[in-house]
Amino acid sequence: MTASNDPLLQPFRLKHLTLKNRVMSTSHEPAYSEDGMPKARYRLYHAEKARGGMALTMTAGSAIVSRDSPAAFGNLQAYRDEIVRWMRELVDACHEHDCKVMIQLTHLGRRTGWNKADWLPVLAPSPVREPAHRAFPKTAEDWDIDRIVADYASAAQRMQQAGLDGIEFEAYGHLLDQFWSPATNARDDEYGGSLDNRLRFSNRVLDAVRKAVGPDFIVGIRMVADEDLASGLGRDEGVEIARRLAAGGKVDFLNIIRGSIETDAALTKVIPITGMRSAPHLDFAGEVRAATKFPVFHAARIQDVATARHAIAEGKLDMVGMTRAHIAEPHIVRKVMAGEEHRIRPCVGATYCLDRIYEGGEALCIHNAATGREATIPHVIARTDGPLKHVVVVGAGPAGLEAARVTAERGHRVTVLEAASQAGGQVRLAAQNPRRKELIGIIDWRVAELERLGVEVRYDTWAEAGDVTGLGPDMVIVATGGLPQNPPLEAGSDLVTSSWDIVSGAVKPDESVLLYDDNGSHAGMTAAEMAGRAGAAVELVTPERFFAPEMGGMNHVPYMKAFHETGVRITINTRLKAVRREGNKLVAVLGSDFAEGFAEERRVDQVVVEHGTLPLDELYFRLKPLSRNRGEVDYERLVAGGEVFPEREADAAFMLLRIGDAVASRNIHAAVYDGIRFGIRI
């Protein structure tokens, strides 16, 4: 397909604004703000996507219009005049690439906490608590409504002053649609009851904003048209609201959402993760477009170009949001235009990005470590202007493959030695869970890139020191990963089974299983899920007070679904002390960190443990005395920039580095980050 007839690459006219293609990133909050402002990190993140060719980037998710709507996850503060300067810099940076910029404005209503920022009361149409953010809201009074309407208008004026191409209001779990929904609006005044009354607040906001910014400035709304909730806003009323908005002349586009976001479980139906349906609400958005005959935008796990192209070609959408897909690959459109669609780094649905945000961190892609780090890590690797080297990478897991990819892009000759018959390391193990099989895309993409770059990969090669030195390397990168380790036990370490054995299928789950997990990440949870699915009676025991602390809320959902379906029991605040054999059973001795003398026992067929990994580092330590830097890395220069490998033995032949879990038990993102941040310095 050529650019001239590719539906995705056709321009779209929105009022006076021409969008150069049909691809956008919908509003989301990456939590890159500083003091509530979109400063350099925020700007560079959006500018990279603009450079990558998209037509429209929606900033914020959402920018808050009032002081009593404190940031729940790094939200921009649109109620402050200072934001104008920073937004103007962001707009200018994106406009350089003919990428239009809009912002999403909101009052969060009940979707935040009272014990943040200025400790002002959370409010909502009615005192109905949102489970996710846990605040008990007060009922919004007349003076609250008056001032919030004015705040919306003031925030819109600031965005117009900053040169944005338009604004979008959030009516998807936030204050506007909290008035719409029977689940959150039990008022008996002029703002409750009939649909006309429930829309009154939104219409007041739209009227005030139009008065403030004029008729020409683009204003849209991201709206839930069906909460898919028994007590909530139904499809008929939701589509009727869309029709009224479309006919009312106050908005210029609808960005359609289906579902509720008041719990983690509900949120994953709106924003599906790996193992869930692709584009589950695309057809519904198309139905709203057909019913309204109005410009419709939409995003919900549209992670691949084929689906996005279908959405436009079939007339379901006018603009297609590929939001998480652009976190993984900000240059989607550029690669499509260059005929390199096959080289797009895939979004694998891991949702590490959103889980980090909702747990108080910032958005990071599980396998693109440049996203959010554009100031120091490039998305496009430049060729070195120094001498070309022979780089030997030992290990073809995510760390080794990324290091090989980056150093090959730098122009170096790269040889990869891998002990197994396939690349992947622990990612391939994680993908043994059928629900998480998409994770293998992390590996497949890198293997394809290495083939393109002409990197030699030698499989079934258990590398000894002599094998490595015999290749005459200038740089050796040890990425051999780790092996599972047992937790510290007083007795019975020889009686336990590792989570890896269960996940890999090397050991079958027995009839009754106690799974002890003091790591709290995917490995133990996956083992419990797979054992439960295999028919075992599973009790998952952890010493943590917060269950699965390394697991974000969205990834938590499918595990808990599996646990409830298969009867997996969970015991927290309890430590495995020892294991002994009694007849054909194992006895797990449990203790407590909180109560001296507490002890319980479980008689089970199998004890499975998850305690992270120990580095597989024998090769590294054998090579260390032979290397020029003795394996040393200058961390200060690594963080600040510059040469990171100090020269300790000038006569030695090669520099030595170890990365990923060969250093310490971490995660996929840490492995990939190691690979690229060291690779760009070679």
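This structure is a prediction, so every number in the text was calculated from the model and none was measured.

Caption draft 1: Region of interest: the packing of aromatic side chains. Summed over all chains, the structure comprises nine aromatic pairs. A ring pair is formed by Phe 253 and Phe 297, whose centres lie 4.4 Å apart and whose planes are at 15°; its orientation type is stacked. Residue Phe 253 is found in strand S10 (residues 253–257), and its partner Phe 297 is found in strand S11 (residues 296–298); the two are separated by 44 residues along the sequence. Exposure remark for Phe 253: the relative accessible area of 0% places this residue in the buried category. Clustering of aromatic rings is evident, with ring pairs tying together Phe 179, Tyr 191 and Phe 201. Above the ring of Tyr 673, the side-chain terminus of Arg 373 is found at 3.7 Å from the ring centroid. Across from the ring centre of Tyr 673, 4.2 Å away, lies the NZ or CZ of Arg 677, which sits over that ring.

Caption draft 2: Here's a closer look at the sheet that holds strand S22 (residues 575–582). Strand order across the open sheet formed by three strands is S22-S23-S24, with antiparallel pairing between neighbours. Edge strands, defined here as strands with exactly one partner in the open sheet, are S22 and strand S24 (599–604). The mean inter-strand angle of the sheet, taken between neighbouring strand axes irrespective of direction, is 25°. Pairing of strand S23 (residues 585–591) with S24, which is carried by six bridges, proceeds in the antiparallel orientation. Bridging across to S24, Leu 590 finds its partner in Glu 600.

Caption draft 3: Expanded view of the sheet that holds strand S18 (residues 497–498). The parallel open sheet is built from five strands, whose spatial order is S18-S25-S19-S20-S21. Every interior strand has two partners, whereas the edge strands, S18 and strand S21 (569–571), have only one. In the sheet, S18 pairs with strand S25 (residues 606–610) via two bridges, with the strands oriented parallel. Looking at S25, one finds that Ser 498 is bridged to Val 609.

Caption draft 4: Structural view of the pattern of salt bridges. Under the criterion given, the structure shown has 62 salt bridges. One salt bridge in this structure joins Asp 68 and Arg 147, with 2.4 Å as the shortest N-O distance. Of the two residues, Asp 68 sits in the loop between strand S4 (56–64) and helix H2 (83–95) while Arg 147 sits in helix H3 (residues 142–161), which places them 79 residues apart along the sequence. The salt bridge involving Glu 409 is made with Arg 343; its shortest N-O contact spans 4.0 Å.

Caption draft 5: Up close: the UniProt feature "domain: FAD/NAD(P)-binding" (unreviewed entry) in the protein chain. Under the local residue numbering, the UniProt record ascribes the feature "domain: FAD/NAD(P)-binding" (unreviewed entry) to residues 390–623. Between the end C-alpha atoms of residues 390–623 the distance is 16 Å, and the span holds 32% helix and 28% strand.

Caption draft 6: View of the packing of helix H19 (residues 522–533) against helix H20 (residues 553–566). Close contact between H19 and H20 brings their axes to 9 Å; oriented N to C, the two are set at 30°. Between H19 and H20, the angle is such that the two are roughly parallel. Two packed elements cross with a definite hand, and for H19 against H20 that hand is left-handed. Between H19 and H20, the residues in contact are His 522, Met 525, Thr 526, Ala 528, Glu 529, Gly 532 and Arg 533 and Asn 555, His 556, Tyr 559, Ala 562, Phe 563, Glu 565 and Thr 566, respectively. Among the residues forming the contact of H19 with H20, the class breakdown is five nonpolar, six polar and three charged.

Cut-offs and rules
Residues numbered from 1 in each chain as written. Predicted model: local features only at pLDDT ≥ 70, side-chain atom pairs only at ≥ 80, totals over all residues. Heavy atoms only, no water. Phe/Tyr/Trp six-rings, centres within 6.5 Å; stacked < 30°, edge-to-face > 60°. Helix = DSSP H or I, 4+ residues; strand = E, 2+ residues; numbered from the N terminus. Buried < 20%, exposed > 50% of the residue type's maximum accessible area, 1.4 Å probe, protein only. Lys NZ or Arg CZ within 6 Å of the ring centre and 35° of its normal. Pairing = 2+ DSSP bridges. Axes fitted to C-alpha atoms, helices over the stretch in contact; angles between N-to-C directions. Salt bridge = Lys/Arg side-chain N within 4 Å of Asp/Glu carboxyl O. UniProt positions renumbered as here; feature names shortened; annotations may be inferred. Parallel < 35°, antiparallel > 145°, perpendicular 65-115°, else oblique. Left-handed = near helix turned anticlockwise from the far one by under 90°. Contact = heavy atoms within 4.5 Å. Nonpolar A, V, L, I, M, F, W, Y, C, P; charged D, E, K, R; others polar.

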